[in-house]
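These are the residues of each chain, in order.
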Amino acid sequence: MVPRPIGWISSLSSDGIANLAPYSFFNAVSGVPPFVMFSSAGRKDSQTNIEATGEFVVNMAVADLKDAMNRSSASFAPGVDEFARAGLEKAPCHNISAPRVAASPVALECVLNSIVPLTARDGTKARSEVIFGEVVGIHISDAVIVDGMLDITRIRPLSRLGYMDYAIIDEVFPIARPTETD
Ligand SMILES: Cc1cc2nc3c(=O)[nH]c(=O)nc-3n(C[C@H](O)[C@H](O)[C@H](O)COP(=O)(O)O)c2cc1C
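The rules behind the values
- Residues numbered from 1 in each chain as written.
- Predicted model: local features only at pLDDT ≥ 70, side-chain atom pairs only at ≥ 80, totals over all residues.
- Heavy atoms only, no water.
- Pairing = 2+ DSSP bridges.
- Helix = DSSP H or I, 4+ residues; strand = E, 2+ residues; numbered from the N terminus.
- Near = heavy atom within 4 Å.
- Polar contact = N/O pair within 3.5 Å; in protein donor to acceptor, adjacent residues only side chain to side chain.
- Salt bridge = Lys/Arg side-chain N within 4 Å of Asp/Glu carboxyl O.
- Buried < 20%, exposed > 50% of the residue type's maximum accessible area, 1.4 Å probe, protein only.
- Lys, Arg positive; Asp, Glu negative; His and termini not counted.
- Contact = heavy atoms within 4.5 Å.

Caption draft 1: Just the sheet that holds strand β13 (residues 158-160), in detail. Strands sit in the order β1-β13-β14 across an open sheet of three strands; the sheet is antiparallel. Looking along the sheet, the strands with just one partner apiece sit at the ends: β1 (4-5) and β14 (166-168).

Structure follows, in structure tokens:
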């Protein structure tokens, strides 16, 4: 599946240590009320923290932050502040305790809704579990709003392709929905 959006997930451990990691098995799955999901291949620190605290942030991974995003994917020990290791400032959220990435132009505050394990038809348990979150707060930087609308060419979202490849969205064009007579 390409391109895939990258959910750059921040969370807090039960000891209050900030954690940050990218997940590209990620998407928005409902608008009203808003829900997102990501899938964790094995029990990683993000899932452990989210189960412990019931909350997480989806930060938008953008072109300008690609190196920091990549650094945050390294496998750090649970007690390590991954914002510090990625060279990123934290910013507070309004409705949850987990911090967001200050430099990311868009962030979604999420509350854990459910975690769904996946089991194949033959009973094989998948390594991955899917984590669903309800969005309870949205941050958008004024710097990416033009005439009251988000300007994607200012945001330049990063997406994941196959292999070790990524793409940057920096060209946008509209297509009108067809009517019955078109
Ligand atoms: C662009 C990108 C996308 C990734 N997507 C996923 C994913 O969807 N699921 C997953 O389990 N790991 C994914 N990873 C790997 C995790 O980011 C990595 O295992 C990380 O160390 C997990 O951190 P945590 O233990 O702090 O949660 C991805 C890595 C990169 C660089």
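Caption draft 2: Just the site of the ligand, in detail. Near the ligand there are 18 residues, and of these Asn19, Pro22, Tyr23, Ala41 and Ser46 occur at the shortest range. Within the backbone of Ser24, one N or O atom sits 2.9 Å away from a nitrogen atom of the ligand. Going through the elements one at a time, β3 (18-23), β5 (35-41) and α1 (45-53) are the ones with two or more residues in the shell around the ligand.

Caption draft 3: A look at the pattern of salt bridges. Considering all chains together, one arrives at four salt bridges under this definition. In this structure, Glu51 and Arg43 form a salt bridge, with 2.8 Å as the shortest nitrogen-oxygen distance.

Caption draft 4: Structural detail: the side chain of Glu55. Take Glu55: it is sitting in strand β6 (residues 55-60). Of the side chains with opposite charge, Arg100 comes closest to the buried, unpaired Glu55, at an N-O distance of 12 Å. A polar contact is formed between the side chain of Glu55 and the backbone nitrogen of Ser97, at a distance of 2.6 Å. In terms of polar contacts, Glu55 uses its side chain to reach the backbone amide nitrogen of Ala98, at 3.0 Å. Sequence-distant contacts of Glu55, defined by excluding residues within four places in its chain, comprise Ser11, Ile50, Ile96, Ser97, Ala98, Cys110, Val111 and Leu112.

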